[in-house]
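Okay, here's what each chain looks like letter by letter:
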Amino acid sequence: MSRVSFVALMAAVAVLSATAAEAADIYGGSAPPPVQPYGGSAYLPSSPSNWNGAYLGAQGGMAWGSARNKVKGVSTRSADTSGGNVGLYGGVNANVGANFVVGAEADINYSGENGTSVNGGKAYRAGSDWNGTVRGRVGVAFDRIMPYATGGIAFVDNGVRGNGSSSSSTEVGMALGAGVEGKITDRVSAKVEYMYLGTPDGSHNLGKQKVESDQSSNILRLGAAYKF
């Protein structure tokens, strides 16, 4: 059946049902049953999916970004960084009104993101071994599909190696992202998500050399979760 024919049929059903109800009111009789176009069961629109509840899931993808290693007394060079990113996430959602969903989410991830720059003839390898976030989420539910925006606090490992030594620190910054989540079943959902992590400079002492490393990451990942 074409879309035009389907719309016309639905309009006819609505008109016939309204006419029958009006006739029943006028003549005091009972209205005839509604037209049933789908093999004996009247068509009813599906109810919106319930997104309420807590969930726990796993995610994985790729990270890429840059690390600017600032070494006192020599030129500053940037390194392109890349690597895998896998971890766990969990949170809670609440339906607000008919279509809006608000919630909170946290995650912790292993990161293999790193890259090398050469400053003053010396190689410095910068990267991150792990990252985590605590964020709010706001989505618009179209039944079983929900695009959303998310933002909050990022905790990122900031590490540098060079001059025969290594140093790392935990930096606190911002996390901003967006994604689309879809329900596979009432309990299982899957998502695709982009996340940006930005943090302040990390200060490191590599032997007698002081290095400040400014790192930022972009993460594209897939995830799947179970709702309790």
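Rules used throughout
Starting afresh in each chain, residues are numbered from 1 along the sequence in its written order. Per-residue local features are limited, in this predicted model, to residues with pLDDT of at least 70; the limit for side-chain atom pairs, both in listing and counting, is 80 or more; totals at the level of whole chains, interfaces and linings are taken over all residues. The side-chain quantities take in all heavy atoms of the structure and omit both hydrogens and water. Being paired, for any two strands, means DSSP has found at least two bridges between them. Under the DSSP-based scheme used, a helix requires at least four consecutive residues in state H or I and a strand at least two consecutive residues in state E, with every element numbered from the N terminus. What makes a patch is a set of residues exposed beyond 30% relative accessible area and free of salt bridges, joined within 9 Å when like-charged and within 5 Å when nonpolar (Val, Leu, Ile, Met, Phe, Trp, Tyr). The protein chains shown are the only cover counted for residues, whose accessible areas, like all others here, come from Shrake-Rupley with a 1.4 Å probe. Basic side-chain nitrogens of Lys or Arg form a salt bridge, by our definition, when they fall within 4 Å of a carboxyl oxygen of Asp or Glu. For this analysis, a polar contact is any N or O atom pair within 3.5 Å, provided that within protein one partner can donate a hydrogen and the other can accept it, and provided that sequence-adjacent residues contribute only side-chain to side-chain pairs. Whether two residues touch is decided by their heavy atoms; if any such pair falls within 4.5 Å, the residues are in contact.

*Asks:* Mind showing me how you'd approach the pairing of strand S2 (residues 77-96) here?
*Replies:* For strand S1 (residues 53-71) and S2, the ladder comprises 17 bridges, and the chain directions are antiparallel. By the bridge assignment, Trp 64 is partnered in S2 with Ser 82. As paired elements, S2 and strand S3 (residues 100-119) share 13 bridges and run antiparallel to each other. Note that in S3 the partner of Val 86 across the bridge is Tyr 110. Where S2 hands over to S3, the hairpin turn is made up of 3 residues, of which Gly 97 adopts a positive phi near 70°.

*Asks:* I'm lost on the pairing of S1 in this one. Help?
*Replies:* Within a regular strand, side chains alternate between the sheet's two faces. In the sheet, S1 pairs with strand S9 (residues 209-227) via 17 bridges, with the strands oriented antiparallel. If you follow Ser 66 over to S9, its bridge partner there is Ser 216.

*Asks:* Would you mind showing me how to read a nonpolar patch on the surface here?
*Replies:* On the surface, a nonpolar cluster with roughly 750 Å² of combined accessible area is contributed by Trp 64, Phe 142, Ile 145, Val 180, Val 192, Tyr 194, Leu 220 and Leu 222. With respect to the helices and strands, the residue Phe 142 is situated in the loop between strand S4 (122-140) and strand S5 (145-162).

*Asks:* Is there a simple way to explain the side chain of Asn 158 in this structure?
*Replies:* With respect to the helices, strands and loops of the structure, Asn 158 is situated in strand S5. Reaching out from Asn 158, the side chain makes a polar contact with the side chain of His 204 at a distance of 2.9 Å. In this view, Asn 158 contacts Gly 127, Ser 167, Ser 168, Ser 169, Glu 171, Pro 200, Gly 202, His 204, Ser 213 and Gln 215; residues no more than four positions away in its chain are not counted.

Honestly, it's all geometry; don't read function into it.
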